Amino acid sequence: MIAGVIRHGGGMQSSETLQLRPPRHQVSRRAITWWTVRAVGSVVTVLIALGVALASWPFARIGLLWPILGTVLLLGVGYVVVMPQWRFRVHRWEVTEDAVYTSAGWLSQEWRVAPMSRIQTVDTERGPLQQLLGLSTVTVTTASVAGALQIAGLDHRLARDLVEQLTATTQATPGDAT
Amino acid sequence: MTEAAPAPSSWQRLDPRMLAVTPLRQLAGFLPVILIVLVVGARDLDGRFYGLIAAVVALVLAGIGRWFTTRYRVTDERVELRSGLLFRQRRSVPRDRIRTVDLTAGPVHRLFGLSVLNIGTGQQVQGTEAGELSLDAVSATEADRLRQQLLERAAVAQAEEDTPPDQEIARLDWSWLRYAPLTTSSLVAVGAVAGAAGQFVGELGVDPTDVEAINGAREQLDTAPLWLGATVFAVFVLIVAVLGAILIFVEVWWGFRLVREAGGTLRVRRGALTTRSISLEERRLRGVEISEPLLLRAGRGARLAAIATGLGGSQGEGRGTLLPPAPVVETHRVAAAVLAEAPAPTTTPLRRHPAAALRRRLVRGALPAPVAALLWLLAVPGWLPWVAVALLPLTLLLAVDAYRNLGHGLAQRYLVTRHGAGVRRCAALQRSGVIGWTVSQSLFQRRAGLVTLVATTAAGSGGYAVYDVAISDGLAVAEQAVPGLLGPFLTGPAHPVEHPD
């Protein structure tokens, strides 16, 4: 259905509107909680480290300590509120017969495609927080050191089925995937 | 290891000449210390002398011990190496995993007719050399025989008398020596000379001001104006850089030959004191990369490297090098010959990237301005902001250069992409070697309507990027390069974006 869109003769005239469509499936809604908790953790860490560093530095004397900490706190709160929601809208995945397709990120976004025939390993990973929330991260690697696809924050049962499906499909494909 | 044709699966020792080579090489490493002990320590010669003797004996014993405990064998399936007495090591590499068989012979090894055989699988197991196996050392003839055997060329060579002979693709042209000073090896030379001089002076405990010649020269310079002193110093550094770079070039590239062997292997042989033989299976070749650092580019020179699987990622750095620094025209010719593709894919006319890509680079190039302002605000030493300001023209020029270097194109079987500020890199990657795409977009790229498209591959650095390309151009190129991979996920005007879920 898309094949008709890409009509570039010998030269490559730009067809102004060619775009990547979002992958079909969203990750679990619980991923928002997961990202929020992690964001709070890193913001608190940064604040403490910054506070200690600045307090033992001349900034404290010039009276810059509180303005700087305040700005960082404000930015941090914004980050905690905005980032998880934004990520949830961006993080998506799709598995077709021929390929795995993912999108991730928030300010910076990334779309990755790997053909089924080039997939080498399919791994899952569950940190303590993810286990608590019933989430999983699925990593699909290819022979490229730069080519791994990650689907973070999947419902763990869904992740298990997905891994089974991918493993079965890739095992059925011959070749060394390079 | 003196038998002419050892049984295939019997355990072999390393060459007995290693009994002499190992201690000699280690002694050579201690040579400066030994010299200093002998020269400077005249007062207390006896004690130091016996210490030296003891060290030598220990080294010889260690060498003998290593030789007696190390054995290797080549079976039909694997290459195995056993070593150590207290800490036993067994290393085993399946033969069908072997990707590279390289030979290296340093001066001492060559004196004794030996070669070190390095067997690589190109596996990146936790960034270690787990996939590596090194026989240090066997006789040069045995090394060559093993190389042939392990690269499975022996069968080919013996089966048919009339196999096509080895075909020479390139050999050293001494006029390329002019590129030596334009490479980073000139900086290496300056660093090495400065370091060695400093160490020598320090270890000998000589105060440079004690030496009459230096003192005399210094006094003359003291009375001379500052610019003269600076000029003399600059000329001195320049001479060291040029001479050093030429020496390094001669040592590394002496006798360079790039040959296509009958079994489908590319073989690079080079080196004056230390000789090297590096082999690359053609079926692992996925493309080439031509890089032109700023100085080399100014002299119309370039470097050529193979993009191949199984070279071992960053560890294999330099293993893919196919040519010494050479004229650009020569790199294109060799690229064409190596890839068996005429004309060379690297000469494909490239498409420029949108003006937004230039703006992005100029913004980055203007970065010293706000940095200067910040430095000024923070009231650090007065001259520092001016350094940042002085850098501004340079960074802006680099920005323009970076934009002019951007480009991408498609050849018959290759995706070609070029980029780089200062160092210009042009990679031609086999379209069939592309094993995935990564499209990324930062916040600023999104506003400029640009993306960075990375073709992922099992070879070379793992991914080759088309930076800051217009969205639809980038997606179109990706789909044209590998039809059907990205296509199912694209939408055009006739297909409004469908929001699933």
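Residues numbered from 1 in each chain as written. Chains lettered and ligands numbered in written order. Predicted model: local features only at pLDDT ≥ 70, side-chain atom pairs only at ≥ 80, totals over all residues. Heavy atoms only, no water.

1. Overview of the overall build of chain B
Step number 1: Along its length, chain B carries 15 helices and 21 strands.
Step number 2: Taking all 501 residues of chain B together, 43% fall into the buried category.
Step number 3: Residue pairs at least 24 apart in sequence account for 58% of intrachain contacts in chain B once pairs closer than 6 positions are excluded. (Helix = DSSP H or I, 4+ residues; strand = E, 2+ residues; numbered from the N terminus. Buried < 20%, exposed > 50% of the residue type's maximum accessible area, 1.4 Å probe, protein only. Contact = heavy atoms within 4.5 Å.)

2. A short note on the overall build of chain A
Step number 1: Counting its regular elements, chain A contains 5 helices and 8 strands.
Step number 2: Here chain A holds 178 residues, and 43% of them are scored as buried.
Step number 3: The long-range fraction of contacts in chain A, counting pairs at least 24 apart against all pairs at least 6 apart in sequence, stands at 50%.
Step number 4: For chain A, the exposed surface amounts to about 9,600 Å²; the carbon and sulfur share of it is 60%. (Areas by Shrake-Rupley, 256 points an atom, 1.4 Å probe, with all protein chains shown as cover.)

3. A word on the packing of aromatic side chains
Step number 1: With the rule as written, the count across this model stands at 7 aromatic pairs over all chains.
Step number 2: Considering the side-chain rings of Trp86 of chain A and Trp106 of chain A, the 5.7 Å spacing of their centres and the 80° angle between planes classify their relative orientation as edge-to-face. Taken as a pair, Trp86 of chain A in helix α3 (residues 65-90) and Trp106 of chain A in the loop between β4 (99-105) and β5 (109-115) lie far apart in primary sequence, 20 residues in all.
Step number 3: The exposure class assigned to Trp106 of chain A is buried, which follows from its relative accessible area of 16%.
Step number 4: Taken together, the aromatic side chains of Tyr79, Trp86 and Trp106 of chain A make up a single cluster linked through ring pairs.
Step number 5: Above the plane of the ring of Trp34 of chain A lies Arg38 of chain A, whose end atom (NZ or CZ) is 4.6 Å from the centre.
Step number 6: Its guanidinium or amino end placed over the ring of Trp253 of chain B, Arg270 of chain B lies 5.0 Å from that ring's centre, counting from NZ or CZ. (Phe/Tyr/Trp six-rings, centres within 6.5 Å; stacked < 30°, edge-to-face > 60°. Lys NZ or Arg CZ within 6 Å of the ring centre and 35° of its normal.)

4. Brief notes about the side chain of Arg431 of chain B
All names here are of chain B.
Step number 1: The residue Arg431 is located in the loop between β17 (424-430) and β18 (434-441) in this model.
Step number 2: Although Arg431 is buried, it forms no salt bridge, and the closest oppositely charged side chain is Glu341 at an N-O distance of 8.5 Å.
Step number 3: The contact partners of Arg431, leaving out residues within four places of it in the chain, are Leu410, Ala411, Gln412, Arg413, Tyr414, Leu415, Gln480, Ala481 and Val482. (Lys, Arg positive; Asp, Glu negative; His and termini not counted. Salt bridge = Lys/Arg side-chain N within 4 Å of Asp/Glu carboxyl O.)

5. Concerning the pattern of salt bridges
Two side chains that carry opposite charge are able to pair once their charged atoms sit near each other.
Residue and element names in this part refer to chain B.
Step number 1: Enumeration over the complete set of coordinates arrives at 26 salt bridges over all chains.
Step number 2: Arg360 is the salt-bridge partner of Asp468, the closest N and O atoms lying 3.0 Å from each other. Taken together, the positions of Asp468 in strand β20 (residues 463-470) and Arg360 in helix α11 (residues 355-365) put the pair 108 residues apart, joining distant regions of the chain.
Step number 3: Take Asp468: its relative accessible area is 2%, and that puts it in the buried class.
Step number 4: Arg360 sits in the buried class, given a relative accessible area of 17%.
Step number 5: One network of salt bridges, in which partners are shared, links Asp144, Arg147, Glu261 and Arg267.

6. Quick word on the confidence of the model for chain B
All names here are of chain B.
Step number 1: Here chain B averages 82 in pLDDT, while 82% of its residues score no lower than 70.
Step number 2: For the stretch residues 1-6, pLDDT sits under 50, and the model shows 9 contacts to residues farther than four places along the chain or on other chains.
Step number 3: Confidence over residues 494-501 falls short of pLDDT 50; this stretch has 19 contacts with residues more than four positions distant or in other chains.
Step number 4: Both scores are given for the predicted complex: the pTM is 0.80, the ipTM 0.85. (pLDDT = per-residue confidence, 0-100.)

7. Looking at the sheet that holds strand β16 (residues 414-419) of chain B
Residues and elements named next belong to chain B.
Step number 1: Ordered by their spatial adjacency, 6 strands build an open sheet running β14-β13-β12-β17-β16-β15, and the pairing between neighbours is antiparallel. Of all the strands in the sheet, just β14 (326-327) and β15 (407-410) have a single pairing partner and so form its edges.
Step number 2: The strands that helix α10 (residues 328-339) touches are β12 (285-292), β13 (301-308), β14 and β16; relative to β12, the one it contacts most, it runs at about 175°. (Pairing = 2+ DSSP bridges. Axes fitted to C-alpha atoms, helices over the stretch in contact; angles between N-to-C directions.)

8. Some words on the packing of helix α1 (residues 30-55) of chain A against α3 of chain A
Each packed pair of helices is defined by two parameters, the angle between the axes and the distance between the axes.
Residue and element names in this part refer to chain A.
Step number 1: Interaxial distance between α1 and α3 falls to 9 Å at its minimum, and their mutual angle equals 165°. Judged on the interaxial angle alone, α3 and α1 are roughly antiparallel. The handedness of the crossing between α1 and α3 comes out as right-handed. (Parallel < 35°, antiparallel > 145°, perpendicular 65-115°, else oblique. Left-handed = near helix turned anticlockwise from the far one by under 90°.)

9. Here's the deal with helix α4 (residues 140-150) of chain B
Residues and elements named next belong to chain B.
Step number 1: For α4, every residue scored as buried is listed here: Glu142, Ala143, Leu146, Arg147, Gln149 and Leu150. Buried residues in α4, looked at end-on, bunch into an arc of 165°, giving them a common side.
Step number 2: Glu152 sits one or two positions beyond α4 and adopts a positive phi of about 55°. (Arc of directions from axis to C-beta.)

10. Some points on the environment of Arg171 of chain B
Step number 1: Within the secondary structure, Arg171 of chain B is located in strand β8 (residues 167-171).
Step number 2: For the pair formed by Arg171 of chain B and Trp254 of chain B, sequence separation is 83 residues and the distance between their alpha carbons is 9.9 Å.

11. Topic: the sheet that holds strand β10 (residues 265-270) of chain B
Strand-to-strand pairing in sheets goes through backbone hydrogen bonds, with the strands running parallel or antiparallel.
All names here are of chain B.
Step number 1: The 7 strands are arranged β7-β6-β5-β11-β10-β9-β8 in an open sheet whose pairing can be described as antiparallel. Two strands in the sheet have a free side with no partner beyond their single neighbour: β7 (132-139) and β8. Between one strand and the next, the sheet's axes are offset by a mean angle of 20°, whatever the strand orientation.
Step number 2: Sheet strands in contact with α10 are β8, β9 (257-261) and β10, and its direction is about 160° off that of β8.

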